[in-house]
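Coordinate analysis (summary)
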Amino acid sequence: MLKKALSLGLIATLGLGLMGCSSTPKTATTETAEIEDISTAATVEESTAAETENATVAEADKATTTEADKSAATVEDKKKVQDAGTLVVGITDFEPMDYKDESGNWVGFDADMANEFAKSLGVEAKFVEIEWDNKALELDSGNIDCVWNGMTLTDEVLSAMDCSNPYCNNAQIVIVPADKADQYKTVESLSELNFAVEVGSAGEAQAQEHGLKYTSVSNQASALMEVAAGTSDAAIIDSLMAAAMVGEGTSYDNLTYTVGLNDEEYGVGFRKGSDLKDELNAFFKSTYADGSMKSVAEKYGVQASLIEQ
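Residues numbered from 1 in each chain as written. Predicted model: local features only at pLDDT ≥ 70, side-chain atom pairs only at ≥ 80, totals over all residues. Heavy atoms only, no water.

This part covers the layout of surface pockets. Estimated volume of the largest pocket: approximately 400 Å³. In this structure, the largest pocket is lined by 26 residues; those nearest its centre are K135, E156, V157, G200 and S201. When contributions to the lining of the largest pocket are tallied by element, the ones reaching two or more residues are α4 (135-140), β5 (146-152), α5 (155-160) and α6 (202-209). Residue composition of the lining of the largest pocket, by class: nine nonpolar, eleven polar and six charged. (1 Å grid on protein atoms, 1.4 Å probe; cavity = no way out; pocket = protein on both sides within 12 Å on 5 of 7 lines; lining within 4 Å. Points joined across faces, edges and corners; volume = space filled by probe spheres on them. Helix = DSSP H or I, 4+ residues; strand = E, 2+ residues; numbered from the N terminus. Nonpolar A, V, L, I, M, F, W, Y, C, P; charged D, E, K, R; others polar.)

Bringing the packing of helix α3 (residues 109-120) against helix α9 (residues 276-290) into the picture now. Geometrically, a packed helix pair is captured by the angle between its two axes and the distance between the axes. Where α3 contacts α9, the axes come no closer than 11 Å and their chain directions differ by 110°. When the axes of α3 and α9 are compared, the pair comes out roughly perpendicular. You can see that α3 and α9 cross each other, and the crossing is right-handed. Together, M113, E116, F117 and S120 of α3 and L276, E279, L280, F283, F284 and T287 of α9 make up the contact between the two elements. Class assignment for the residues of the contact of α3 with α9 results in six nonpolar, two polar and two charged. (Axes fitted to C-alpha atoms, helices over the stretch in contact; angles between N-to-C directions. Parallel < 35°, antiparallel > 145°, perpendicular 65-115°, else oblique. Left-handed = near helix turned anticlockwise from the far one by under 90°. Contact = heavy atoms within 4.5 Å.)

Let us look at the side chain of Q206. With respect to the helices and strands, Q206 occurs in helix α6. When residues no more than four places from it in sequence are discounted, the contact partners of Q206 are Q172, L261 and N262.

Attention now moves to the environment of D162. Relative to the elements of secondary structure, D162 occurs in strand β6 (residues 162-163). Each C-alpha atom, one on D162 and one on S274, is 7.1 Å from the other, the two residues being 112 residues apart in sequence. Beyond its immediate sequence surroundings of up to four residues, D162 is in contact with V268, G269, F270, R271, K272, G273, S274 and K277. Of the polar contacts made by the side chain of D162, one reaches the backbone nitrogen of G273; its length is 2.8 Å. (Polar contact = N/O pair within 3.5 Å; in protein donor to acceptor, adjacent residues only side chain to side chain.)

Spatially, the five strands line up as an open sheet ordered β10-β9-β11-β8-β12, and their pairing is mixed. Edge positions in the sheet fall to β10 (213-217) and β12 (255-260), since each of these pairs with one other strand and no more. Averaged over all pairs of adjacent strands, the angle between strand axes in this sheet comes to 35°, irrespective of strand direction. Bridging between strand β9 (residues 194-198) and β10 involves five bridges; their strand directions are parallel. For V197, the partnering residue across the bridge sits in β10 and is S216. (Pairing = 2+ DSSP bridges.)

Here we take up the pattern of salt bridges. Across all of its chains, the model carries nine salt bridges by this definition. The shortest N-O distance in the salt bridge between D182 and K185 comes to 4.0 Å. Like K185, D182 is exposed. Several salt bridges share partner residues, and in doing so they unite D77, K80, D145 and R271 into one network. (Salt bridge = Lys/Arg side-chain N within 4 Å of Asp/Glu carboxyl O. Buried < 20%, exposed > 50% of the residue type's maximum accessible area, 1.4 Å probe, protein only.)

Here we take up the packing of aromatic side chains. According to the stated counting rule, one finds nine aromatic pairs in the structure shown. Between F109 and Y167, the ring centres sit 6.2 Å apart and the planes meet at 35°, which makes this aromatic pair tilted. Here Y167 lies in the loop between β6 and β7 (168-170) and F109 lies in helix α3, a separation of 58 residues in the sequence. Note on F109: relative accessible area 1%, which makes it buried. Joined through ring pairs, the aromatic side chains of F94, F109, F117, W148, Y167, Y266, F283 and F284 make up one cluster. (Phe/Tyr/Trp six-rings, centres within 6.5 Å; stacked < 30°, edge-to-face > 60°.)

What follows is about α6. Among the residues making up α6, those that are buried are A202, G203, E204, Q206 and A207. Here the buried face of α6 lies against β5, β8 (172-177), β9, β10, β11 (234-238) and β13 (264-270). The opening residue of α6 is S201, an N-cap whose side-chain oxygen sits 3.2 Å from the backbone nitrogen of G203. A positive phi of about 65° marks G211, the residue just after α6.

Here we take up the packing of α3 against helix α10 (residues 292-300). Contact geometry for α3 and α10: axes closest at 9 Å, N-to-C directions at 150°. When the axes of α3 and α10 are compared, the pair comes out roughly antiparallel. Between α3 and α10 lies a crossing whose hand is right-handed. Across the interface between the two elements, F109, D112 and M113 from α3 touch M293, V296, A297, K299 and Y300 from α10. In terms of residue class, the contact of α3 with α10 is made up of six nonpolar, no polar and two charged.

Ranked by size, the top nonpolar core spans 53 residues in total, and within it L87, F109, W148, Y167, I175, L224 and F284 carry the most contacts. In terms of residue count, α3 provides more of this core than any other element does, six residues in total. Contacts of F109, omitting those with residues within four sequence positions, involve P96, M97, Y167, C168, M293, V296, A297, Y300, V302 and L306. Grouped together as the second largest cluster of nonpolar side chains are 14 residues, V174, A181, Y184 and L212 included. (Core = buried A, V, L, I, M, F, W, Y, C linked by side-chain atoms within 4.5 Å.)

And the structure:
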């Protein structure tokens, strides 16, 4: 009996021990799956980190390339001018900024300053008449090196070119026959008129902004001719041109100016990235300081419009 009781107790003890160990043990398959999950997560993390690093490197390379390209373009632009021995200046016939004298030479405040700037670079200025509406295209194609023609610094111009610091104040003003000036002294009174404006100019932009009827012509001089001939009722031109060409003692003494439509500034335009912009800004600063810019301005009657450099 004693032996049987001991056997039963041993069996019971073994049963309880087995029950205590009855939770399902991890199989080799489960352990392998967990390892694979950990490995996969590590791989994804490494891949994400690699992609991030690659993107960062790509952005850095892109920035470096952009700066390198810009630097190369800058050097090439200046080198182009110096290798050619000429600074090609895009202009229109626009007195007192750019126009021909009796000998057929281009003169004017802008023309004279362009000649002096070219000399400072060790080259000569070459003036090329352009269609004003195509000035950015002429610049980007390399046909000209700069646009230097009493150019208003509009948002459109500033987005298409690298421009110098402004050097002259200006405004767009309305030109009418002198004997009708009293009828047109406000913007509201202009609605019945047919205007002549230079295509692609700040004057055309003002006509559009104020909802005026207009015909586009090739340049501002042509706009004045339209009014003088009676084929247009009025014109919108630069105040600097009006001061030189309209009123008593000028070629158009039967015309006058009335309404001012805005205030604006002139600048010189270069290709994007051109270091000629910085060269010109330095030239403007030095010639303003030594008084030579003012002397040229006085020669053409635009000294009151100069902007301090």
